[in-house]
Every structure is written in C-alpha cells, then in structure tokens.
Amino acid sequence: MLLNWTVMILYNYFSAMFVGPGYVPLGWTPEKSQDCMYLQYCKVCQSYKAPRSHHCRKCNRCVMKMDHHCPWINNCCGYQNHASFTLFLLLAPLGCIHASFIFVMTMYTQLYNRISFGWSSVKIDMSAAKRDPRPIIPFGLSAFAASLFALGLALGTTIAVGMLFIIQMKVILTNKTSIESWIEEKAKDRIQYYQTGETFIFPYDMGSKWKNFKQVFTWSGIPEGDGLDWPVRDGCHQYSLTIEQLKQKADKRVRSVRYRAVEDYSGVCCPVTKGVKTFFTTPCTEEPRIALSKGDLILATRGLKHWMYGEKILDSAADGGIRERGWFPRKCVEKCQYDSETDQPEDGEKKNR
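Note that the structure is a prediction, hence the values are computed from the model and not measured.

Undergrad: I tried to follow the packing of helix H1 (residues 2–19) against helix H2 (residues 82–112) on my own but got confused; where do I start?
TA: At a minimum axis distance of 9 Å, the contact between H1 and H2 shows a crossing angle of 155°. Comparing the axis directions of H1 and H2 gives the class roughly antiparallel. The handedness of the crossing between H1 and H2 comes out as left-handed. Across the interface between the two elements, Leu2, Trp5, Met8, Ile9, Asn12, Tyr13, Ser15 and Ala16 from H1 touch Ser84, Phe85, Leu87, Phe88, Leu91, Ala92, Leu94, Gly95, His98, Ala99 and Ile102 from H2. Broken down by class, the residue content of the contact of H1 with H2 amounts to 14 nonpolar, five polar and no charged.

Undergrad: I tried to follow a positive patch on the surface on my own but got confused; where do I start?
TA: A contiguous patch of positive charge, built from Lys43, Arg57, Lys186, Lys249, Lys252 and Arg253, is present on the exposed surface. In terms of residue count, the dominant contributor to the positive patch is helix H6 (residues 240–255) (three residues). Counting through the fold element by element, Arg253 comes out in helix H6.

Undergrad: Explanation requested: the environment of Ile243 in the structure shown.
TA: With respect to the element layout, Ile243 can be found in helix H6. Assessed through its relative accessible area of 24%, Ile243 is described here as partly exposed. Along the primary structure Ile243 and Leu39 are separated by 204 residues, whereas in three dimensions their C-alpha atoms are 7.4 Å apart. With residues near it in sequence (within four places) discarded, Ile243 still touches Tyr38 and His237.

Undergrad: What am I meant to see in the state of the cysteines here?
TA: Covalently bonding the sulfur atom of one cysteine to the sulfur atom of another cysteine gives a disulfide. Within the structure shown, the criterion is met by zero disulfides. Unpaired in terms of disulfides, Cys70 finds its nearest cysteine sulfur in Cys77, a separation of 7.7 Å. A relative accessible area of 4% means that Cys70 is categorised as buried.

Undergrad: Would you take a moment to explain the nonpolar core for this structure?
TA: One recurring pattern in soluble globular proteins is that nonpolar side chains are buried together. Grouped together as the largest cluster of nonpolar side chains are 21 residues, with contacts concentrated most on Ile73, Phe85, Phe88, Leu89 and Ile172. Mapped by element, the contributors of at least two residues to this core are H1, H2 and helix H3 (141–172). The dominant element in this core, judged by the number of residues it contributes, is H2, at six residues. Not counting residues within four places of it along the chain, the set of residues in contact with Ile172 comprises His82, Thr86, Asn212, Phe213, Val216 and Phe217. By size, the runner-up hydrophobic cluster in this structure holds 19 residues, among which are Trp28, Leu39, Trp230 and Leu241.

Undergrad: How should the side chain of Asn75 be read in this particular structure?
TA: Mapped onto the elements of the fold, Asn75 is located in strand S6 (residues 75–77). Taking the relative accessible area as the measure of exposure, Asn75 reaches 9% and is therefore buried. A polar side-chain atom of Asn75 sits 3.4 Å from a polar atom in the side chain of Tyr23. Non-local contacts of Asn75, meaning those with residues more than four positions away in its chain, are made with Ala16, Met17, Gly20, Pro21, Tyr23, Cys59, His69 and Cys70.

Undergrad: Where do I start with the UniProt feature "transmembrane region" (unreviewed entry) in the protein chain in this structure?
TA: Within this structure's numbering, the places UniProt gives as "transmembrane region" (unreviewed entry) are residues 6–24, 87–108 and 136–167. Taken end to end, residues 6–24 is 74% helix and 0% strand, and its first and last C-alpha atoms sit 33 Å apart. Measuring from the first to the last C-alpha atom of residues 87–108 gives 32 Å, for a span that is 100% helix and 0% strand.

Calculation notes
Residues numbered from 1 in each chain as written. Predicted model: local features only at pLDDT ≥ 70, side-chain atom pairs only at ≥ 80, totals over all residues. Heavy atoms only, no water. Axes fitted to C-alpha atoms, helices over the stretch in contact; angles between N-to-C directions. Helix = DSSP H or I, 4+ residues; strand = E, 2+ residues; numbered from the N terminus. Parallel < 35°, antiparallel > 145°, perpendicular 65-115°, else oblique. Left-handed = near helix turned anticlockwise from the far one by under 90°. Contact = heavy atoms within 4.5 Å. Nonpolar A, V, L, I, M, F, W, Y, C, P; charged D, E, K, R; others polar. Patch = residues over 30% accessible without salt bridge, like charges linked within 9 Å, V, L, I, M, F, W, Y side chains within 5 Å. Areas by Shrake-Rupley, 256 points an atom, 1.4 Å probe, with all protein chains shown as cover. Salt bridge = Lys/Arg side-chain N within 4 Å of Asp/Glu carboxyl O. Lys, Arg positive; Asp, Glu negative; His and termini not counted. Charge placed at Lys NZ, Arg CZ, Asp CG, Glu CD. Buried < 20%, exposed > 50% of the residue type's maximum accessible area, 1.4 Å probe, protein only. Disulfide = S-S within 2.5 Å. Core = buried A, V, L, I, M, F, W, Y, C linked by side-chain atoms within 4.5 Å. Polar contact = N/O pair within 3.5 Å; in protein donor to acceptor, adjacent residues only side chain to side chain. UniProt positions renumbered as here; feature names shortened; annotations may be inferred.

Right, dumping it as structure tokens:
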C-alpha cells in the first residue's frame, strides 16, 4: 500500500509538471472580430487573452484558466493539469498519514519492552531488544532518531499540503480559480465603492457542486472544453468575466496615484540602506521589485505600510514598450502635486466611471 501511494503521488506530480496548464496560441484572436472589444490584449504574446486566461511572468505565456504559478512543479496550474495537481495534493497527505502510522507503531513496539519505570525515573535501554525472536532490522538510537525526524516531516507535510488541497477543492466546487475568486472580490468592492447598483454573477458556476467538479475531473483525464470557450450559466455570456476585468482595469487607473522618486533604489529584495522596518517588512511575494532613479515617475496602485506597488511611467510606453511593474520602498518616493485642477479627476467623474 505504501508503494502504491508513492507511485500515484509521483505520477500525478510529474503529470502536473510535464503536461503543463495549456497555453493560449500565439497570435490568437476570437472568431468574431467584434468580440475583441471585450478582451485584453497581451503585448508579450501578441494575442488577445482568451476568457479565463492570464499572462504568467514566470512562464512568459498566457495560460488557459490559470490558477497560480507553483514553484514546486516549476510550472503553472491551469486548464490541463488542474486535476493532476489537485490529486497530488490529496495523495501526498494520505501517503504521509500512512507513513506516520508506520512510524508510530514501529517506535511503540520497539520501545515497549525497553522502557522500565522506577519510583522517580524512567529508563530506556537502547542497547539491545529484549524480545524473542529478535527483530530482523535492529532498532538502535540512530534508528529511533531517524524515525522521530521522519514522523515530524510526515505530519508537517500532511498539515501543509492538506490545507492546500482544501483551498483547491473550495475553488473547484464553485468552478473558479484562485485568480477568479480574487476578481470576484474586487468586483464586489468596485460595485460598493461606486454604488452602481449592479450585481456581478460569476458566469462559469454551473449551479451544482457535482457539475462544477466534472468540469475538472473526468474519467478520461482530459478536462472539459478546449480551454478557450467555456459553458456559462443562464443570464451570462462568454465575456461576462472579461468585461468585469476591463471595468476593474479602468477603475485601477482612476484610483492610481502618481509618485516621484526622491531617492535611488537598486531593486534588491531587502534593501539595507532604506531603514530597518523596510528591510524586515519586505513583501513575501514572487512579484518583482523595480529599480528607481531620482526623478522617475511611478503610478502606484496598492501598497503596504513601508512598501508600494506600481508601474514606472516610461516614455516608450505609448509605443508599445515593456511595462516595468513591481514593488519599491515607500521611503524612496513622494506624492506628486497636481499641476492644475484638470489633472485631478473630479468626484463626479470617478462616480461615473
């Protein structure tokens, strides 16, 4: 049974790694040209982003139904390998639970006849086993230490990977991805902020957990659909989610604040010269840092107490240049003062947006 766990774990692990999530074809455009207005354009892949797809900086491609980029499989979790990745998250804790049971019973049976209790002390004799017949595999002090260490690893893996499995199953049973769950949360925040009165309905929820489950897990191992077109619930259409993304992108531009760099920043993860608090509160994320020179302009879209995230304003951006986005220390920038009233959007304009 333990060998069966091992084989199934490795099979699903390498399937998730080498099969990959599936990528949007380079230069892809929708069949109807008028549908392009509902989609975002990826300058790196030179194609439109299909519904539910997102560009991954690590893979440098637009990934179909992207959930996240996993460093443990060195690949994205998406349309084609979502089932294999989730099965790996299920089987790994089950195998570790089985291994933990073996370790516990081994230490219990080996120590049972070695422990002697006194009035004020407990003695463990690890020199030899007081059993008849003698065990086939000697169980000394080193074996006990190795078993105890392996038990700790097995229990830690069970807890950590088991929590990831629960998170994945929650999004699968609603036919979402982790990114789409975040988009839905931002949609509620946008509607509440602008008080538009609209209601956002996630278009890909089939209405029952079993139907959502079958969208990912199939007997053939091949997920439903082609990764580009998706079945939607009544009252929605294929581009309901992408339209919401465009609205959030426009809202992001409205809410962004312009800053000017007053200090140079090299782009290192933990800058020593920017203060102790900046050093120890560096964002724990794979998102990049951007180097700043004094006088650079940045559009900040979000931030922490000592760090901010934004996009550097480049002269070549209008010509289709590469966008520089990432984190930078708040200490290195100061907020720009608007040159005139026309530069600052009015409250009425923001409400209309």
